[in-house]
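Now for the letters of each chain:
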Amino acid sequence: MNDVIDFIHTSRDRYIEELKQFLAIPSISAMPEHRDDVRRCAEWAAAEAGRIGLENVRVVETAGHPLVYADWLHAEGAPTVLFYGHYDVQPVDPIDLWQSPPFEATVRDGEIYARARATTRARSSCTSRRSRRT
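Cut-offs applied
- Residues numbered from 1 in each chain as written.
- Predicted model: local features only at pLDDT ≥ 70, side-chain atom pairs only at ≥ 80, totals over all residues.
- Heavy atoms only, no water.
- Patch = residues over 30% accessible without salt bridge, like charges linked within 9 Å, V, L, I, M, F, W, Y side chains within 5 Å.
- Areas by Shrake-Rupley, 256 points an atom, 1.4 Å probe, with all protein chains shown as cover.
- Salt bridge = Lys/Arg side-chain N within 4 Å of Asp/Glu carboxyl O.
- Helix = DSSP H or I, 4+ residues; strand = E, 2+ residues; numbered from the N terminus.
- Expected span 1.5 Å × (residues − 1).
- Buried < 20%, exposed > 50% of the residue type's maximum accessible area, 1.4 Å probe, protein only.
- Arc of directions from axis to C-beta.
- Contact = heavy atoms within 4.5 Å.
- Polar contact = N/O pair within 3.5 Å; in protein donor to acceptor, adjacent residues only side chain to side chain.

(A) Highlighting a nonpolar patch on the surface. A contiguous nonpolar patch, built from Met1, Val4, Ile5, Phe7, Ile8 and Tyr15 and spanning about 600 Å² of accessible area, is present on the exposed surface. Considering every element that reaches the nonpolar patch, the biggest residue donor is helix H1 (residues 2-10), with four residues. Among the structural elements, Tyr15 can be located in helix H2 (residues 12-23).

This is how it looks when you write it as structure tokens:
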């Protein structure tokens, strides 16, 4: 376990830079003028999923915005975990309440701040469901 923790600490700066790239995409799904940004964000998420080793990565077309699918099914006999998250965000208004530009992540006091409201947490959070595959 210490090796994993050490790897996370030594890779922290790279992780922050990758997160900044992701958060810089103004994927505001409620605003038609950001439709291309939403697609670009989906494609970015799919590319990253492939880069980190997930398989069957694809951007799936829907009647609205696309969704991103990826899997890794090589843990025979282990429970299945489902991660679900949003790559789109809400409009930035009221802009005067922001401490920094909404699509420029900053690090203050050792913490990363970007879209400092519920939408940031939605991008970085996930839910899990454990089940047995049949």
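(B) Examining H2 more closely. With 12 residues, H2 should reach 16 Å at 1.5 Å per residue; the first-to-last C-alpha distance of 16 Å fits that figure. Considered for burial, the residues of H2 that qualify are Ile16, Glu18, Phe22 and Leu23. In an axial view of H2, the angular spread of the buried residues amounts to 165°, which keeps them on one side of the axis.

(C) Fine view of the environment of Tyr69. Counting through the fold element by element, Tyr69 comes out in strand S2 (residues 67-71). Residue class for Tyr69 comes out partly exposed when judged on its relative accessible area of 32%. When the C-alpha positions of Tyr69 and Leu54 are compared, they lie 9.6 Å apart, and in sequence the two are 15 residues distant. Leaving out residues up to four positions away in the same chain, Tyr69 has contacts with Asn56, Val57, Arg58 and Val60. Within the local environment of Tyr69, its side chain forms a polar contact with the side chain of Asp71, the two groups lying 2.6 Å apart.

The quantities given are spatial measurements derived from coordinates; they are silent on function.
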